[in-house]
Amino acid sequence: PDPLDESLLSQAAFSSANDALRSLCARFTPTFVAVQRRDIRLEECLGTLLARLDSAADGAEFAEQRLEVGSKCGDERQNIMEGGFVAPSLRSLAERHRLRR
């Protein structure tokens, strides 16, 4: 086989593959753009979710503290004084709700 023929054949194959690649890229450009937009939107949603989880962690910590205080007091009549009124623990409120049902 002639080396020049092999070179021409490989150039032709390369050119054909390059044309096929360009055609595929042009054909699927809307798909690529849609995926990129979804990726950006997903990152935004995940950021929002993380921020909400951080804020919910504060509420969970407060609830956990209230539950611990309620179990430390033992007797429902020994509640915490907050701002001049008696605040029952979340545990005692949950128990009252359960008994009402």
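Residues numbered from 1 in each chain as written. Predicted model: local features only at pLDDT ≥ 70, side-chain atom pairs only at ≥ 80, totals over all residues. Heavy atoms only, no water.

## Focus on the overall build of the chain
Here is step 1 of the chain: Regarding its fold elements, the chain presents three helices and two strands.
Here is step 2 of the chain: Of the roughly 8700 Å² of accessible surface on the chain, 60% is carried by carbon and sulfur atoms. (Helix = DSSP H or I, 4+ residues; strand = E, 2+ residues; numbered from the N terminus. Areas by Shrake-Rupley, 256 points an atom, 1.4 Å probe, with all protein chains shown as cover.)

## Notes on a negative patch on the surface
Here is step 1 of the chain: On the surface, a cluster of negative charge is contributed by D54, D58, E61 and E64.
Here is step 2 of the chain: With respect to the helices and strands, the residue D54 is situated in helix α2 (residues 29-73). (Patch = residues over 30% accessible without salt bridge, like charges linked within 9 Å, V, L, I, M, F, W, Y side chains within 5 Å. Salt bridge = Lys/Arg side-chain N within 4 Å of Asp/Glu carboxyl O. Lys, Arg positive; Asp, Glu negative; His and termini not counted. Charge placed at Lys NZ, Arg CZ, Asp CG, Glu CD.)

## As for a nonpolar patch on the surface
Here is step 1 of the chain: A cluster of nonpolar residues, L42, L46, L49, L50 and L53, forms a patch on the protein surface that exposes about 480 Å² of accessible area.
Here is step 2 of the chain: Turning to its location among the elements, L42 is positioned in helix α2.
Here is step 3 of the chain: Take L42: its relative accessible area is 48%, and that puts it in the partly exposed class. (Buried < 20%, exposed > 50% of the residue type's maximum accessible area, 1.4 Å probe, protein only.)

## Things to note about the pattern of salt bridges
Here is step 1 of the chain: Under the defined criterion, the tally for this structure stands at two salt bridges.
Here is step 2 of the chain: A salt bridge links E44 to R41; the shortest N-O distance between them is 3.5 Å. Of this pair, E44 and R41 both sit in helix α2, three residues apart, roughly one helical turn.
Here is step 3 of the chain: Residue classification places E44 among the partly exposed positions, given a relative accessible area of 43%.
Here is step 4 of the chain: Between R98 and E95 there is a salt bridge, with its nearest N and O atoms 2.7 Å apart. Of this pair, R98 and E95 are both found in helix α3 (residues 90-100), three residues apart, which corresponds to roughly one turn of the helix.
Here is step 5 of the chain: Given a relative accessible area of 52%, R98 falls into the exposed group.

## Some details on the confidence of the model for the chain
Here is step 1 of the chain: For the chain, per-residue confidence averages 81 on the pLDDT scale, and residues scoring 70 or more make up 76% of the total.
Here is step 2 of the chain: Scored below 50 in pLDDT, residues 73-85 makes 15 contacts in the model with residues more than four places away or belonging to other chains. (pLDDT = per-residue confidence, 0-100. Contact = heavy atoms within 4.5 Å.)

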